[in-house]
Amino acid sequence: MTLGPGRDGLQHERTALAWQRTAVTAVVVLLPLLLVDARLGAWPLVVLGSLSTLVAVGLVGRTFPRIRHLHGHHGRHERHRGLARHDRQDRHDRHDRHDRQDRHDWHDRQDQPAGEPSSPWPPMRAVALVATLTTAEAVATALTVALS
Amino acid sequence: MDGLTGEAGPGDRPKPPTQHRRPLSVYGHGEEPDPRFSLANERTALAWMRTALALVGGGVALISVGSLATLPKWSALIGAAVCVGGALLAWRAVTGWARVERALRHSQRLPAPRALAWLAGGVILLAMLTLVLTILQLLRR
């Protein structure tokens, strides 16, 4: 099955949005623990949690190159479609040309010497590490609550 | 081959393995699959990741409520167990993505989503444990 080139852009946009949702969730999930630790007066845990939050923000920052990369591909398709819309004189010719260009883009994307940003592996590992950091902080807080 | 235009479609041209992308255990073998399938695999892994983060968030909420309200202390330990399950699931999402991507590159059958059964089993187990502890707590009063 070969989809039209216009629909290709949606694939990248959907993936970029999925990354954004995941990054936001990863950052937000640690914050309530800081409040609980502060209320419990467990200052070492507050310091540890604050450091973990900073590390989490840094790690989640690794998702931005991936999002930018995905948006970059989407933007290219939008430009092609935009050009075709504005030039109504030879709309069909242009459409054919852009259609071909989009098909080349499919192959360029696979041929390019894609560096680290084009692989979802590093940011995915970073988000898993954030989940682990949050869990470590949560376990420490839970033990403080249970033993207090 | 695209039936409408007669031109080559995105999945028709085999590609050599890419040596620049990491991890090489995934990208060092096989042929480049249709990008749509790779992106769908990535989104599935991210959905797993968000499920894992939701578990961690649920555990954090349980610990927070347990410390702010006068809930029994075991609720905090249940929350910690939920968080540990979430962290394990997050790493499972990463390895699951790699396994599926490898299968796509080798045109093999996709591995079965076994984590789904583990997730359901874990949630049921924790729910049962919470129910039993709550009943015991009520009987003690």
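Predicted, not measured: the structure shown is a model, and the values here were computed from it. (Residues numbered from 1 in each chain as written. Chains lettered and ligands numbered in written order. Predicted model: local features only at pLDDT ≥ 70, side-chain atom pairs only at ≥ 80, totals over all residues.)

(A) Representation of the overall build of chain A within the structure. For chain A, the helix and strand inventory stands at six helices and zero strands. Ordering the α and β elements of chain A from the N terminus gives α-α-α-α-α-α. Taking all 148 residues of chain A together, the buried fraction comes to 36%. Partitioning the intrachain contacts of chain A with sequence separation of at least 6 by distance along the chain shows that 77% fall at a separation of at least 24. (Helix = DSSP H or I, 4+ residues; strand = E, 2+ residues; numbered from the N terminus. Buried ≥ 20, exposed ≤ 12 C-beta atoms within 10 Å, placed from the backbone. Contact = placed C-beta atoms within 7 Å.)

(B) Expanded view of unusual backbone geometry. The phi angle at Ser107(B) is positive, at roughly 55°, despite the residue not being glycine. Looking at the secondary structure, you find Ser107(B) in the loop between α3 (74-105) and α4 (114-140).

(C) Region of the structure containing the interface of chain B and chain A. Each partner contributes residues to the interface: chain B has 47 residues there, and chain A has 44 residues. Contributing elements (two or more residues each) for the side of chain B that touches chain A: α2 (35-68) and α3 of chain B. With 20 residues, α2(B) is the single largest residue contributor to the side of chain B that touches chain A. Looking at the side of chain B that touches chain A residue by residue, the classes come out as 25 nonpolar, 10 polar and 12 charged. (Nonpolar A, V, L, I, M, F, W, Y, C, P; charged D, E, K, R; others polar.)

(D) Geometry of the confidence of the model for chain A. Residues and elements named next belong to chain A. Per-chain confidence: chain A averages 73 in pLDDT, with 64% of residues scoring 70 or above. Within chain A, the element-level pLDDT minimum falls on helix α5 (residues 91-111), averaging 50, and the maximum on helix α6 (residues 121-147), averaging 91. For the stretch residues 77-91, pLDDT sits under 50, and the model shows 17 contacts to residues farther than four places along the chain or on other chains. (pLDDT = per-residue confidence, 0-100.)

(E) Representation of the nonpolar core. Counting 54 residues, the largest nonpolar core has Val127(A), Val130(A), Met49(B), Ala52(B) and Ala93(B) as its most contacted members. Where this core is concerned, the elements lending two or more residues are α1 (5-28), α2 (31-40), α3 (43-60) and α6 of chain A together with α2 and α3 of chain B. It is α3(B) that contributes the most residues to this core, 16 residues altogether. Residues contacting Val127(A), with those up to four places away along its chain left out, are Thr22(A), Ala26(A), Val60(A), Met49(B) and Ala90(B). (Core = buried A, V, L, I, M, F, W, Y, C linked by C-beta atoms within 7 Å.)

(F) Here's a closer look at the environment of Tyr27(B). Mapped onto the elements, Tyr27(B) comes out in helix α1 (residues 24-27). It is 7.6 Å that separates the C-alpha atoms of Tyr27(B) and Arg102(B), two residues lying 75 residues apart in sequence.

(G) Up close: α3(A). Residue and element names in this part refer to chain A. Look at α3: 25 Å from first C-alpha to last across 18 residues, which is about the 26 Å you get at 1.5 Å a residue. The set of residues buried in α3 consists of Leu 45, Gly 49, Ser 52, Ala 56, Leu 59 and Val 60. Seen along its axis, α3 keeps its buried residues to an arc of 80°; they face one direction. Within α3, the exposed residues directed more than 90 degrees away from the buried face are Trp 43, Pro 44, Val 47, Leu 51, Leu 54 and Gly 58. (Expected span 1.5 Å × (residues − 1). Arc of directions from axis to C-beta.)

(H) Layout of the confidence of the model for chain B. Residue and element names in this part refer to chain B. Per-residue confidence for chain B gives a mean pLDDT of 85, with 87% of residues at or over 70. Here α1 stands out as the least confident element of chain B, with mean pLDDT 86; α3 is the most confident, with 94. The low-confidence segment residues 1-12 (pLDDT under 50) makes 15 contacts with residues lying over four places distant or belonging to another chain. Of the two predicted TM-score estimates for the complex, the pTM is 0.75 and the ipTM is 0.81.

(I) Structural view of the packing of α2(B) against α3(B). All names here are of chain B. At a minimum axis separation of 7 Å, α2 and α3 run at an interaxial angle of 175°. One way to sum up the angle between α2 and α3 is to call them roughly antiparallel. Across the contact of α2 with α3, the residue classes break down as 23 nonpolar, 12 polar and two charged. (Axes fitted to C-alpha atoms, helices over the stretch in contact; angles between N-to-C directions. Parallel < 35°, antiparallel > 145°, perpendicular 65-115°, else oblique.)

(J) A look at the packing of α2(A) against α2(B). Contact geometry of α2(A) with α2(B) gives a least axis separation of 10 Å together with a crossing angle of 25°. Taken together, α2(A) and α2(B) sit at an angle that is classed as roughly parallel. Classified by chirality, the crossing of α2(B) by α2(A) is left-handed. Side by side, α2(A) and α2(B) meet where Pro32(A), Leu33(A), Val36(A) and Leu40(A) of the first sit next to Val60(B), Ala61(B), Ile63(B), Ser64(B) and Ser67(B) of the second. The class makeup of the residues in the contact of α2(A) with α2(B) is seven nonpolar, two polar and no charged. (Left-handed = near helix turned anticlockwise from the far one by under 90°.)

(K) Spatial organisation of α2(A). Looking at α2(A), one finds that the buried residues are Leu33(A), Val36(A) and Asp37(A). Buried residues along α2(A) cover an arc of 100° about the axis, so they all sit on one side. Tucked inside the fold, the buried residues of α2(A) contact α3 and α6 of chain A together with α2 of chain B. A positive phi of about 80° marks Gly41(A), the residue just after α2(A).

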